[in-house]
Amino acid sequence: MRRLLITGANGMLGSAVQQYLKDDFEIIAASRNELNIQDFASAKAYLKKLQPHLVLHAAAYTNVEEAERQPQECYSVNYNGTLNLINAAKGFSHKFIYISSTGNYGFGKTEPYAEYDEVMPPTVYHKSKYLGEKAVQELCADFLVLRTGWLFGGSTEHKKNFVYNRFIEAMSKDEMFSDPFQTGNPTNTSDVARQIKKLIDEEVVGTFNVVSEGNCTRYEYVKEIVSTYGLNCVVKPTDKPFERLAKVSPNEAAVNFNLTQMGLNVMPHWKDSLHHYINSIQQHA
Ligand SMILES: NC(=O)c1ccc[n+]([C@@H]2O[C@H](COP(=O)([O-])OP(=O)(O)OC[C@H]3O[C@@H](n4cnc5c(N)ncnc54)[C@H](OP(=O)(O)O)[C@@H]3O)[C@@H](O)[C@H]2O)c1
């Protein structure tokens, strides 16, 4: 069985991918304790010992706000950490899969972004993710750069579980407010895992958007979460965008143009996936 190294294995996406691919690969699930990607010498020794055939790089500095205050730390993890891993994997790993963000496209457009659009990363986090992308594209022959966004899913215990956190919030409130000015594609981590499997199986290389079909505003997203749970809390739109240090683009929505052109798109509509996810949480509660 081929060995697949997953970095950031305890993260929201890393844990979902691990779960989904465990029957098809021998998974090397590396948390930060086992593999700190900022430490090149130990990353090199770790990969030399375990010799993975594929690397799925899901570890990242993901606090977009904090990155504005700590740019060096963010670049060190997202750019230098990626460069370290590419070099550490040289000679053992044939495929390098890098998880990136549709937020990288920036401010150019009001319609959903396709891969042919120019990338103009708007924040420190997105600049660092884009540098990581470029390193992978330039240095790895067999690569996948996958741009996703607005991830949800996995365990309800995960602190970043947006859907479950809104459920908890809505349980204790009569009304809550959400941003109607920001647009994206709520995307289930297990759908991303299925798309990754498809791309590995098809032995495809390249740069792909990997988001759910359809898009919505944060406000529409939160409203859909609350109504799917059947809660009485009223969701209202804010009258202006949330104040943020990181000037993220109001439009992070994308379409899977490249996947669709190649007949490889397996991503469902965000509402179907959200309903399915909430139903499965309720069944296991
Ligand atoms: N969440 C989204 O909506 C979204 C959108 C677009 C793209 N992405 C990308 O998708 C990937 C997965 O994101 P996620 O939401 O699953 O993030 P996450 O839950 O924050 O997981 C990131 C993981 O990276 C690990 N990590 C951080 N620094 C590290 C280091 N120096 N060495 C090794 N591991 C380190 C973290 O470990 P600790 O737990 O120890 O900190 C954490 O487990 C990332 O590349 C992210 O940029 C996410």
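The structure contained in this document is the topic of the report that follows. Because the structure is predicted, anything quoted here is derived from the model rather than measured.

With that settled, consider the layout of surface pockets. In this structure, the second largest pocket occupies an estimated 310 Å³ of space. Along the walls of the second largest pocket sit 18 residues, with Gly154, Asn188, Thr189, Ser190 and Tyr277 positioned nearest its centre. Ranked by the residues each element gives to the lining of the second largest pocket, the list is headed by helix H10 (residues 270-284), at five residues.

The local shell around the ligand holds 26 residues, among which Leu13, Arg32, Thr62, Tyr125 and Lys129 are the closest. Taking Gly11, its main chain carries an N or O atom lying 3.3 Å from an oxygen atom of the ligand. Taking Leu13, its main chain carries an N or O atom lying 2.8 Å from an oxygen atom of the ligand. For the ligand, whose free accessible area comes to 900 Å², the fraction covered by protein is 84%.

Through backbone hydrogen bonds, the strands of a sheet pair up, either in parallel or in antiparallel fashion. A sheet is described by the order of its strands in space; here six strands give the open sequence S2-S1-S3-S4-S5-S10, paired in parallel fashion. Pairing within the sheet leaves two strands with one partner each, and these edge strands are strand S2 (26-30) and strand S10 (206-209). Across the sheet, the mean angle separating the axes of adjacent strands is 15 degrees when strand polarity is ignored. Sheet analysis places strand S4 (residues 95-101) next to strand S5 (residues 143-148), joined by six bridges and oriented parallel. What sits directly across from Ser100, in S5, is Arg147. Across the sheet, helix H5 (residues 124-139) lies against S4, S5 and S10, angled at about 160 degrees from S4, the strand it touches most.

Basis of the calculations
Residues numbered from 1 in each chain as written. Predicted model: local features only at pLDDT ≥ 70, side-chain atom pairs only at ≥ 80, totals over all residues. Heavy atoms only, no water. 1 Å grid on protein atoms, 1.4 Å probe; cavity = no way out; pocket = protein on both sides within 12 Å on 5 of 7 lines; lining within 4 Å. Points joined across faces, edges and corners; volume = space filled by probe spheres on them. Helix = DSSP H or I, 4+ residues; strand = E, 2+ residues; numbered from the N terminus. Near = heavy atom within 4 Å. Polar contact = N/O pair within 3.5 Å; in protein donor to acceptor, adjacent residues only side chain to side chain. Areas by Shrake-Rupley, 256 points an atom, 1.4 Å probe, with all protein chains shown as cover. Pairing = 2+ DSSP bridges. Axes fitted to C-alpha atoms, helices over the stretch in contact; angles between N-to-C directions. Contact = heavy atoms within 4.5 Å.

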